[in-house]
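Read off the chains here:
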Amino acid sequence: MKGLLRAEFTKFRSVRGWVVGCGVAVVLMLFFAVLAGAGTSDRGGGPRGGGAPPKGPDGTPVVDGFTFVRQPLPADGTLTVRVADLTGTDLPPPRPGDDGAPPAPAEPERPGPAEAEPWAKAGLIVKAGTTPGSPYAAVMVTGDHGVRMQHDFVHDLAGPADARWLRLERKGGTVIGYASADGAAWTRIGTAALATGEVEAGLFVATPPHEEYDQFLGGTSSIGGKVIATGTFEHLTATGTTGDWETEIVGADPSAGRPDVGATRTGDGFTVTGTGDIAPAGGGAGPKLEQTLVGGFAALTVLAVLGVLFVTTEYRRGLVRTTFTATPGRARVLAAKAVVIGAVTFGVGLVASAAALLIGEAVRGGDPYPVAVSTQVRIVVGTAALLAVAAVFAVAIGTILRRGAGAVAAVVLLTTLPYILSVAAVLPAVPAQWVLRLTPAAAFAVQQTVPEWPQVHQAYTPAFGFFPLPPWGGFAVLCAWTAAALAIAAVLLRRRDA
Amino acid sequence: MEATIEVSDLRKTYGSTVALDGMTFTVTPGRVTAFVGPNGAGKSTTMRVVLGLDRVDAGTALIGGRPYRSLRTPLRHVGALLDASALHPARSGRDHLLWQAHSQGLGAPRVDEVLRLTGLADVGRRRAGGYSLGMRQRLGVAGALLGDPPVLMLDEPFNGLDPEGIRWMRGFLRALAAEGRAVLVSSHLMSELQDTAGHLVVVGRGKVVADTSVADLIAAASADRVTLRTIARTEAMTALAERGATVAVTDRDTLTVDGLPADQVVTVLSQASVPFSEISAHRATLEEAYMELTRDAVEFRATEVAG
C-alpha cells in the first residue's frame, strides 16, 4: 500500500495544474477573508454607546439590563412574592421627521398590547452587584415559557408552568429557587452557587424587544420594536435584607429616547415596568469569527474539481488501464487516491483557513462575537477536514460518473450550492434548514461559532450563521455521504470493465 | 515463474456482439509471437482480458499459470503496452514512468535505465503531451520494461513509427525474445513483423484461425514455386504448361512457376531450347504467406457455413 500511495502522490504532484489549483484554493480563502473583513469594518457614523457588550461570569457576551427594586442582602435570607400579572406594551414607532415626507405605510399588525413577549421576565433576583454581567440567581415568571430559574446568564431551568408564587432562598454560597401555584405547596426548581458576602436582592422586570423575521424565496423582511413589560407583584416578603426598597435601572441604555421605566409601590407589592433582558447575547446579527472563513465554499469548489479530475482524466485518456494493470486491486487504487487527495487537501485547507482567520481578523479590526480558543481551533481544523472529506467525496463521484463535467456538476450541486442558497438567505429558512441537515453541505456547521440559547428568542436560521445540526454532527453527514459514495464507487469498479 | 501466456476458451459478448468466441492459444518464451488479424478480430480485447481489465463470460487467461489479478507486483511479471496515447499530457514522461515504478516498489534509477534503453533519456523531463506518436510508443515500451518482466505484451507497437523506428522496434523485440522472454505483439499489418515474429497466431471474429510457426508457414507458402527470368516468355510458358505446371506472369520478363521443382524446370527449358537468364526457388514474404493462410481460412469458414 505504501508504494501505491507513493504512486498516486507522484501522479498528483507531477501535474502542475493540480498543484497550482491547491494554491488557488488558498488564495481564494484569503481573498474572501479580506472581503469579509472589509465589509464589516464600515460602520455608520452615529453613536453606538457602550462599545463591546458586557461579559458574564464565564466570559459569554451577555445582555444585562432590567428594572431592579432592591435591598442589600448581607448574608442568608429569603424573598417571596406573587406575580399577579405580566404584560407587554409596544413603544410607539419613531415619528417620521417633520420634513414633509410622506407618511410611513401602515404598520403591520402586532400582538395586542396586553400580551407579553415570550421571554419577558418578572420575578425575584439576587445579584452580586448592579454592574452588568455580574453573577446572579433568579426565579421568574415569563411571557410564554412558564416559571424558570436562571443564573449567570447561560443556565436555565424550567419550573412549574402555571405557578405564580416565587421564592428565592439564600443559604451560604447557595441560592435555591422555588415556585408554587397557591403560596402553600412549594416546588423546588433548582439551586445556583453565588459567592457569600453582601449582594443585592429584590424584584426585577425585563423584556427583550419584539422581533418578527420572515424569510421567503428571494427576500427577507423583519419588523420589531422595543417593548415595555409591566410586572405586578403582591405579597412581597423579605427576610435578611436591610434598608429600604430602592429602584435602579441596571445596564441603562444611555442613548436618547430611552423608554420611561420604573417602579411604584402598590399595597404589599410593586408595579414594575422594565425593558432589556438578562440573557446571553444572541450574536446572530453581529459580526462573527467564521465570516473570515467564508471563502471555504470557493476553496471547496476548487479542491472538489481537483478531486474529480484526479480520477476522470485517467478515464478520459485511457490511463486508468495503465493504473489497473499496475495495481489489479481496484478498491486499493480507490483507497490510495482517496488518502492522497484527502491528505493533500487537508494540508492545503489547514494552511488556508488558519491564514484566512489571522488575516481576516487583522483586516476586520472590529470585535466579532468572542470565541474560545478551542472553538477557534475547531473551526480551522474543521474547515480543513470539511475541504478534505469533500475532495474525497469528489474522488468517489468522479469514479462513479467517470466524466469530469458531470461529476463536478454533481459535487457542486450537492455541496457548495446548498450552502450558498441557505446561508445567503435565498432559500426560505425551513427548506434551508432541511437542506443543511440532508446534503453534504451540512458539514459547514463546523464553522458555527455563535451558540444557540433556548432562553433567547431570535431567528436561529442559516442566514444568521445558525446551522440545524451541531458542528461535528453536520460534519458526520458529509462523512456518511462520502462513505456511501466510496462504497458505490468500489462496487462499480469491481463490476465494470476498465 | 514460467514465462508463458495461456489463453483458453475465452468468451465474451457485448450485448449482441460476440467479441471473443472461444479464443485459445499459448505464448511460449524465447520467441516473438505475432498476434494478427483484422481490426475488430478480438486482439485488444484478449489482451485486456489477460491483464485482468475486462471480464469474460467464460474461459481463463493465465500468466505463468496464475491469473493476472493474483499477482502482487504484476509489472514484474508482465510488461504491457496497450495504448501509447494513455498519458496525462501535462505529466513528464519520466514522472509517467515514476508513478508506475513506485506502484511496483521500484525507484527512480530503474526509470532512468528504461528511459536510456528506449532512447528517451534526453526528453524524459519534457511534458508527454508534446511527444510524437513514435516517442509515445517508445515511452510505452519503456513502461512495459520497468519491472524487467519475463512476459511482454504489446498492442500495435508499430503504429505511428517512422521506418527508422520500425527497424528499431523489430530489433528490440527480437533482442527481448532472445533473452528468453515470451513476447506477444499484435498487429493488423503483417509486413511490420517480417523477420521478427517466430510464431504466428492469426485471429478472426474472436477466435484463432491459425496457430503456426512462421518458418513452417513460409516454407508451405513457398513450396514448389520457382521464379524464372526469361526474354522468351511465350515459349517458356508453352513448354512448361505442356508438362503440367501452372505459370503466372509477374513482370515483363519474369514468370512464377507452380507445380514443378526448379531442377525439372531447368530440364524442360533446356530440352525446348528456351533461353533464360535466371532461375530461383521462390521465397514467400510473411505477408504473402499470411494472405494465403487467411484465404484458406475464409474458404474454410465458407464451407463450414455451407455444411
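Here is what the cut-offs are and how they apply
- Residues numbered from 1 in each chain as written.
- Chains lettered and ligands numbered in written order.
- Predicted model: local features only at pLDDT ≥ 70, side-chain atom pairs only at ≥ 80, totals over all residues.
- Heavy atoms only, no water.
- UniProt positions renumbered as here; feature names shortened; annotations may be inferred.
- Helix = DSSP H or I, 4+ residues; strand = E, 2+ residues; numbered from the N terminus.
- Buried < 20%, exposed > 50% of the residue type's maximum accessible area, 1.4 Å probe, protein only.
- Contact = heavy atoms within 4.5 Å.
- Areas by Shrake-Rupley, 256 points an atom, 1.4 Å probe, with all protein chains shown as cover.
- Polar contact = N/O pair within 3.5 Å; in protein donor to acceptor, adjacent residues only side chain to side chain.
- Phe/Tyr/Trp six-rings, centres within 6.5 Å; stacked < 30°, edge-to-face > 60°.
- Lys NZ or Arg CZ within 6 Å of the ring centre and 35° of its normal.

Chain B goes by ABC transporter ATP-binding protein in an unreviewed UniProt entry, where it is assigned to Asanoa iriomotensis. Of the comments in the UniProt record for chain B, the one headed Sequence similarities (unreviewed entry) reads "Belongs to the ABC transporter superfamily."

Colleague: What am I meant to see in the overall build of chain B here?
Modeller: A tally of helices and strands in chain B yields 9 helices and 13 strands. Projected onto its principal axes, the C-alpha positions of chain B cover 75 × 50 × 35 Å. Out of the 307 residues belonging to chain B, those deemed buried represent 50%. By sequence separation, contacts in chain B at least 24 residues apart represent 69% of the contacts at least 6 residues apart. For chain B, the accessible surface area stands at approximately 13700 Å², while carbon and sulfur atoms represent 50% of it.

Colleague: Where do I start with the side chain of A:Ser134 in this structure?
Modeller: All names here are of chain A. Within the secondary structure, Ser 134 is located in the loop between β4 (121-127) and β5 (136-142). The exposure class of Ser 134 is buried, given its relative accessible area of 11%. Polar contacts involving the side chain of Ser 134 include one to the main-chain carbonyl oxygen of Gly 129, which spans 3.2 Å. At a separation of 2.8 Å, a polar atom in the side chain of Ser 134 contacts the main-chain carbonyl oxygen of Thr 131. Each residue touching Ser 134, except ones within four places of it in the same chain, is listed here: Asp 64, Lys 127, Ala 128, Gly 129 and Phe 153.

Colleague: For this particular structure, what's the right way to read the packing of aromatic side chains?
Modeller: Two aromatic rings are characterised by how far apart their centres lie and by the angle between their planes. All names here are of chain A. This structure, assessed with the given rule, holds 16 aromatic pairs over all chains. Centroid distance Phe 66 to Phe 204: 5.9 Å. Interplanar angle 80°. Geometry classified as edge-to-face. Of this pair, Phe 66 sits in strand β2 (residues 66-73) while Phe 204 sits in strand β11 (residues 199-206), and the two are 138 residues apart along the sequence. When sorted by exposure, Phe 66 lands in the same class as Phe 204, which is buried. Ring geometry for Tyr 460 against Phe 466: centres 4.8 Å apart, planes inclined by 85°, an arrangement best described as edge-to-face. Across this residue pair, the class does not change: Tyr 460 and Phe 466 are buried. The structure contains a cluster of three or more aromatic residues connected by ring pairs, namely Phe 31, Phe 32, Phe 297, Tyr 419 and Phe 444. Lying across the ring of Trp 186, Arg 167 places its NZ or CZ 4.3 Å from the centre. Between the NZ or CZ atom of Lys 337 and the centre of the ring of Phe 310, over which it lies, the distance is 4.2 Å.

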